[in-house]
Amino acid sequence: MNDLTQLQYPIGPFQPPSAYTPELRQQLIDRLEASAANLRAAITGLDEQQLNTPYRPGGWTVRQTVHHIADGCMNGFIRTKLGLTEDAPLVKPFEETRWAETADSTQPHPEVSVRLVEALLERWVAMWRSLSAEQFTRTFVHPVNGPTTLEAALAFFVWHNEHHTAQITSLRKRMGW
């Protein structure tokens, strides 16, 4: 991995598990639940200048990254709920880069999105914990990625939260914050 790729993917690109077991699903749910506290810890004590610092050259600011995590969780929650309640529904992708440029991603303090993630994950984790083994294999259809099982979506969204939080914590470490 080159330096820029390391900055962009501090925990590496997403690698789906080769198999899903009840134990792995439980670990993933626990990690998803912990991701809200990890995000809060990642931004605690940062000032406005630090929040407006990109995590890498050409990358989003810390502020945008936090708001993006909330956007991703909202989309993930809806996709999960659709997959759970409808038969292989088609889900809509979102223009992540363009979403990160809107005023709600560039102006509010990231605390707004941290609170949103904390509240949303309470519901999402409750949903995940209630699923049967059969329900984890239900699918939704992404127009680019194709059919996705709920368990695969869980693994991805855990990685997504950890990936973006690591971008922030890696920046803090590099900058000595």
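This one's a predicted model, so the numbers in the text were calculated from it and none came from an experiment.

Among soluble globular proteins, nonpolar side chains are generally buried collectively. In terms of nonpolar packing, the biggest core is built from 41 residues, with L32, V62, V117, W124, W128 and L154 touching the most fellow members. For this core, the secondary-structure elements that each account for two or more residues are α2 (22-43), α4 (62-85), α7 (111-130) and α9 (150-175). Excluding anything up to four places from it in sequence, W124 contacts L32, C73, G76, F77, T80 and F157.

Let us look at the environment of F94. Mapped onto the elements, F94 comes out in the loop between α4 and α5 (96-99). Residues F94 and G72, 22 residues apart in the sequence, show an inter-C-alpha distance of 9.2 Å. Filtering out sequence-adjacent residues up to four positions away, F94 remains in contact with H68, D71, G72, N75, R79 and W99.

Where α4 meets α9, the closest approach of the two axes is 10 Å, and the angle between their N-to-C directions is 175 degrees. Accordingly, the angle class assigned to the pair α4 and α9 is roughly antiparallel. Here V62, T65, V66, H68, I69, G72, C73, G76, R79, T80, G83 and L84 of α4 come into contact with α9, specifically with L150, F157, H160, N161, H164, T165, Q167, I168 and L171. Of the residues that constitute the contact of α4 with α9, the class distribution is 9 nonpolar, 11 polar and 1 charged.

Take the pattern of salt bridges next. For the structure on display, the rule yields 9 salt bridges. The partner of R25 in a salt bridge is E151, with the nearest N and O atoms 2.9 Å apart. Taken as a pair, R25 in helix α2 and E151 in helix α9 lie far apart in primary sequence, 126 residues in all. When its relative accessible area of 10% is taken as the criterion, R25 is described as buried. Its relative accessible area of 8% is what places E151 among the buried residues. The partner of E111 in a salt bridge is R115, with the nearest N and O atoms 4.0 Å apart. One end of the pair, E111, and the other, R115, are both in helix α7, 4 residues apart, so they sit about a helical turn from each other. Judged by relative accessible area, which is 22%, E111 ranks as partly exposed. Taking relative accessible area as the criterion, R115 reaches 48% and is therefore assigned partly exposed. Taken together, the shared-partner salt bridges in this structure form one network comprising R40, E111, R115 and E118.

Moving on, we come to the side chain of H160. Relative to the helices and strands, H160 is located in helix α9. At 2.9 Å, the side chain of H160 and the side chain of H68 are in polar contact. Discounting chain neighbours no more than four positions away, the residues touching H160 are H68, I69 and G72.

All right, on to the pairing of strand β2 (residues 146-149) then. One ladder, built from 4 bridges, connects strand β1 (residues 139-142) with β2; its direction is antiparallel. In the strand pairing of β2, H142 is matched with G146. Where β1 folds back onto β2 in an antiparallel hairpin, the turn is made up of 3 residues.

Under the defined criterion, the tally for this structure stands at 8 aromatic pairs. Seen in terms of ring centroids, F94 and W99 are 4.5 Å apart; in terms of plane orientation they differ by 50 degrees. Their pairing is tilted. In this structure F94 comes out as buried when scored by relative accessible area, which is 15%. Ring centres of F156 and F157 lie 5.2 Å apart, and the angle between their planes is 80 degrees; on these two criteria the pair is classed as edge-to-face. Owing to a relative accessible area of 30%, F156 belongs among the partly exposed residues under this scheme. The exposure class assigned to F157 is buried, which follows from its relative accessible area of 6%. One aromatic cluster is present, formed by F14, W124, W128, F136, F156, F157 and W159 through successive ring pairs.

Here is what the cut-offs are and how they apply
Residues numbered from 1 in each chain as written. Predicted model: local features only at pLDDT ≥ 70, side-chain atom pairs only at ≥ 80, totals over all residues. Heavy atoms only, no water. Core = buried A, V, L, I, M, F, W, Y, C linked by side-chain atoms within 4.5 Å. Buried < 20%, exposed > 50% of the residue type's maximum accessible area, 1.4 Å probe, protein only. Helix = DSSP H or I, 4+ residues; strand = E, 2+ residues; numbered from the N terminus. Contact = heavy atoms within 4.5 Å. Axes fitted to C-alpha atoms, helices over the stretch in contact; angles between N-to-C directions. Parallel < 35°, antiparallel > 145°, perpendicular 65-115°, else oblique. Nonpolar A, V, L, I, M, F, W, Y, C, P; charged D, E, K, R; others polar. Salt bridge = Lys/Arg side-chain N within 4 Å of Asp/Glu carboxyl O. Polar contact = N/O pair within 3.5 Å; in protein donor to acceptor, adjacent residues only side chain to side chain. Pairing = 2+ DSSP bridges. Phe/Tyr/Trp six-rings, centres within 6.5 Å; stacked < 30°, edge-to-face > 60°.

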